Amino acid sequence: MKKVAFIGLGVMGYPMAGHLQQAGHQVTVYNRTQAKAEQWVKQYQGQMALTPKLAAEGAEIVFVCVGNDDDLRSVVIGENGAFSGMARGTLLVDHTTASADVARQLAEQAQESGFGFLDAPVSGGEAGAVNGQLTIMVGGDEADFNQVKTVMDAYAKFSKLLGPVGSGQLAKMMNQICIAGVVQGLAEAIHFGSNAGLDVEAVVEVISQGAAGSWQMENRHKTMIKGEYDFGFAVDWMRKDLAIALDEARKNGSTLPLTALVDQFYADVQQSGGNRWDTSSLLTRLQK
């Protein structure tokens, strides 16, 4: 059992930290909104700290799961950041979906201070976090990964080291690229079937058993048919992730025409007031 810190108690971090506490680890949490940390302590019986630095003090492993690059820097570096409270030989594991650049920058600073750094974004959404069934894509040193893998098993069904620091974030970009295309295809299929007068749910029951099947089809088609879009990863966050992927593509010479197009489709959803709808809301722009 480890003494750990968990920084960031959003829809993902809150249950992830809870799984660590329930697995027997000694968890200290920090959240920008203190009331959320107090609620977590009441629910899971762990401890809370008033700054990331205080949360990290004495921890063997510090986990972070916040919103974006700027949020990540704000809780990791600076006078009250986690790095200021960490001791030599300890490890920071970043579950934020962020840029590969910020991962490399923070890893360099960590190395200079004598502790390890892994970029480890997750996939599986809120349901995966709540159920402890996340997939984790990791970049960094193999020894660091081996140290933390069994700890992450508290909330992961699968984790894999994919290369040096930055590899986890690059893999998460691939993940989001794939999701964007799949969700758009599913939205178009449902739209087409509805206009053709088919029992769309019955058709999906059939085609989901063949080559067209996907996680999105299995888990989102019923709510899409009902016009319900409050079941997971928000459009605002998806656009943030796709912007990271498109920026990285410009740097490495990749051409992502479908990703760029779907990103603009999500912009249409935002214009319709769907910022907080889940990503399956692409169907709404086809039904206008």
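To be clear, the structure that these remarks concern was listed above.
Predicted model, so just to flag it, every value in this text is computed and none were measured.

Engineer: Provide a residue-level description of the sheet that holds strand 9 (residues 156–161), including the pertinent values.
Structural biologist: Taken together, the 3 strands give an open sheet; going across it, the order is 7-8-9, and neighbouring strands pair in mixed fashion. On the outer flanks of this sheet lie strand 7 (122–123) and strand 9, each paired with one strand and no other. As paired elements, strand 7 and strand 8 (residues 134–138) share 2 bridges and run antiparallel to each other. Note that in strand 8 the partner of Val 122 across the bridge is Ile 136. Strands in contact with helix 9 (residues 167–195) are strand 7 and strand 8; relative to strand 8, the strand with the most contacts, it is inclined by about 130°.

Engineer: Could you give an account of the sheet that holds strand 2 (residues 26–30), with specific residues and numbers?
Structural biologist: On the basis of which strands lie adjacent, the open sheet formed by 6 strands has the order 3-2-1-4-5-6 and parallel pairing. In the strand order of this sheet, the two ends are held by strand 3 (47–48) and strand 6 (116–119), each with one partner. For strand 1 (residues 3–7) and strand 2, the ladder comprises 5 bridges, and the chain directions are parallel. Looking across to strand 2, one finds that Phe 6 is bridged to Val 29.

Engineer: So what's going on with the side chain of Ser 281? Which residues, and what values?
Structural biologist: Its place among the elements puts Ser 281 in the loop between helix 13 (257–271) and helix 14 (282–286). Judged by its relative accessible area of 0%, Ser 281 falls in the buried class. At 2.7 Å, the side chain of Ser 281 forms a polar contact with the backbone oxygen of Asp 278. In contact with Ser 281, not counting residues within four places along its chain, are Tyr 229, Val 235 and Val 269.

Engineer: So what about helix 1 (residues 13–22)? Which residues, and what values?
Structural biologist: Helical geometry note: an α-helix holds 3.6 residues per turn, so side chains three or four residues apart project in the same direction. The element helix 1 is largely enclosed, with a buried count of 9 among its 10 residues. Inspection of helix 1 places Gly 13, Tyr 14, Pro 15, Met 16, Ala 17, Gly 18, His 19, Leu 20 and Gln 21 among the buried residues, and these make up the whole buried set.

Engineer: Break down the environment of Ala 107 for me, citing the residues and quoting the values.
Structural biologist: When you line up the elements, Ala 107 lands in helix 6 (residues 100–113). Note on Ala 107: relative accessible area 15%, which makes it buried. Residues Ala 107 and Asp 119, spaced 12 residues apart in sequence, show a C-alpha to C-alpha distance of 8.6 Å. With residues near it in sequence (within four places) discarded, Ala 107 still touches Phe 117 and Val 165.

Engineer: Please set out the packing of aromatic side chains residue by residue, giving values where relevant.
Structural biologist: Applying the stated rule across the entire model yields 6 aromatic pairs. With a centroid separation of 6.1 Å and an interplanar angle of 35°, the aromatic rings of Tyr 229 and Trp 277 are classed as tilted. Separated by 48 residues along the polypeptide, Tyr 229 in the loop between helix 11 (215–226) and helix 12 (235–252) and Trp 277 in the loop between helix 13 and helix 14 bring together distant segments of the chain. Connected via pairs of aromatic rings, a cluster forms that spans Phe 6, Phe 63 and Tyr 155. A cation sits over an aromatic face here: Arg 285 above Phe 265, 3.8 Å from the ring centre.

Engineer: Before we move on, can you summarise the pairing of strand 2 with the specific residues and values?
Structural biologist: When a strand is regular, its side chains alternate between the sheet's two faces. The buried fraction of strand 2 amounts to 4 of the 5 residues, a majority that puts the element mostly inside the structure. Note on the crossover from strand 1 through helix 1 to strand 2: the handedness is right-handed. Alignment of strand 2 against strand 3, held across 2 bridges, turns out to be parallel. Bridge pairing in strand 3 places Thr 28 opposite Gln 47. Handedness of the crossover joining strand 2 and strand 3 through helix 2 (residues 34–44) is recorded here as right-handed.

Engineer: Please provide a residue-by-residue account of helix 2, values included.
Structural biologist: Those residues of helix 2 not exposed but buried are Ala 37, Trp 40 and Tyr 44. Axial view of helix 2: buried residues confined to an arc of 60°, hence all on one face. Buried residues belonging to helix 2 abut helix 1, strand 2 and strand 3. Remark: Gln 45 follows helix 2 within two positions and exhibits a positive phi of approximately 70°.

Engineer: Explain the pairing of strand 4 (residues 61–64) residue by residue, including any values.
Structural biologist: Judged by which residues are buried, strand 4 turns out to be covered on both faces: Ile 61 and Phe 63 on one side and Val 62 and Val 64 on the other are all buried. The pairing of strand 1 with strand 4 spans 4 bridges and is parallel. Counted as the bridge partner of Val 4 is Ile 61 from strand 4. Two elements, strand 4 and strand 5 (residues 91–94), share 4 bridges in a ladder whose sense is parallel. Across the sheet, residue Ile 61 finds its bridge partner in strand 5, namely Leu 91.

Criteria and thresholds
Residues numbered from 1 in each chain as written. Predicted model: local features only at pLDDT ≥ 70, side-chain atom pairs only at ≥ 80, totals over all residues. Heavy atoms only, no water. Pairing = 2+ DSSP bridges. Helix = DSSP H or I, 4+ residues; strand = E, 2+ residues; numbered from the N terminus. Contact = heavy atoms within 4.5 Å. Axes fitted to C-alpha atoms, helices over the stretch in contact; angles between N-to-C directions. Buried < 20%, exposed > 50% of the residue type's maximum accessible area, 1.4 Å probe, protein only. Polar contact = N/O pair within 3.5 Å; in protein donor to acceptor, adjacent residues only side chain to side chain. Phe/Tyr/Trp six-rings, centres within 6.5 Å; stacked < 30°, edge-to-face > 60°. Lys NZ or Arg CZ within 6 Å of the ring centre and 35° of its normal. Right-handed = clockwise from strand over helix to strand, strands pointing away. Arc of directions from axis to C-beta.

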